[in-house]
Amino acid sequence: MIFLCLAAFAVPATATENASEYRYGYITVQSVEIDLVNEDATVNVTYAVDDGVQVLVHFLGMSDLRTKITEAANFQNATIEEIGMDHAVLAVNGVARSFDDGTFRFYEHDFLVSVPQLTVKSPQEQRVYYNTTRLPASIGYFRT
């Protein structure tokens, strides 16, 4: 138990020493994929958890990891559908604006961390951005 407590204090210090633009706390974001279907989205976040923290997550649970992922993704009303040590799937309802004519628009979005590869898929197209902290332009698409 003493070892776990010491590790909990040592890991945050190590994380700040190795800070990079892709890190959010003890996770390093590798990619984000946003699948847009009508007004909703499924967001798949791929990441790596620091080695020392993986042991703590296994012992103490996924609660803090869930918080880190939802904060880094920065979507309002996101719920985690699936989470593991290397990826999470978030469901985001009402992320796009719906128009009466069967069209939708997903507006600019800011992440709290830089994303090495951001892929946004709509029923009509796919866009890929690299090394970005935001989706820089809105995307319009049609109902599926």
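In short, a report on the structure. (Residues numbered from 1 in each chain as written. Predicted model: local features only at pLDDT ≥ 70, side-chain atom pairs only at ≥ 80, totals over all residues. Heavy atoms only, no water.)

## Some points on the packing of aromatic side chains
Phase 1 of the analysis: Applying the stated criterion to the full structure yields two aromatic pairs.
Phase 2 of the analysis: On the numbers, 6.3 Å between centres and 85 degrees between planes, the contact of Phe-75 with Phe-111 is edge-to-face. Here Phe-75, found in the loop between α3 (63-73) and β4 (78-83), pairs with Phe-111, found in strand β8 (residues 109-121); they are 36 residues apart in sequence, far enough to count as distant. Neither Phe-75 nor Phe-111 differs from the other in exposure class; each is buried. (Phe/Tyr/Trp six-rings, centres within 6.5 Å; stacked < 30°, edge-to-face > 60°. Helix = DSSP H or I, 4+ residues; strand = E, 2+ residues; numbered from the N terminus. Buried < 20%, exposed > 50% of the residue type's maximum accessible area, 1.4 Å probe, protein only.)

## Topic: a nonpolar patch on the surface
Phase 1 of the analysis: A surface patch of nonpolar side chains, amounting to about 350 Å² of accessible area, comprises Val-55, Phe-59 and Leu-60.
Phase 2 of the analysis: One can find Leu-60 in helix α2 (residues 51-60).
Phase 3 of the analysis: A relative accessible area of 68% places Leu-60 in the exposed class. (Patch = residues over 30% accessible without salt bridge, like charges linked within 9 Å, V, L, I, M, F, W, Y side chains within 5 Å. Areas by Shrake-Rupley, 256 points an atom, 1.4 Å probe, with all protein chains shown as cover. Salt bridge = Lys/Arg side-chain N within 4 Å of Asp/Glu carboxyl O.)

## Details of the sheet that holds strand β10 (residues 139-142)
Strand pairs in the sheet, formed through backbone hydrogen bonds, run parallel or antiparallel to each other.
Phase 1 of the analysis: Across the sheet, which stays open at both edges, the three strands sit in the order β6-β7-β10 with antiparallel pairing between neighbours. Two strands lie at the open edges of the sheet, namely β6 (97-98) and β10, each paired on one side alone.
Phase 2 of the analysis: As judged from the four bridges shared by strand β7 (residues 103-106) and β10, these two strands associate in the antiparallel manner. Across the sheet, residue Phe-106 finds its bridge partner in β10, namely Ile-139. (Pairing = 2+ DSSP bridges.)

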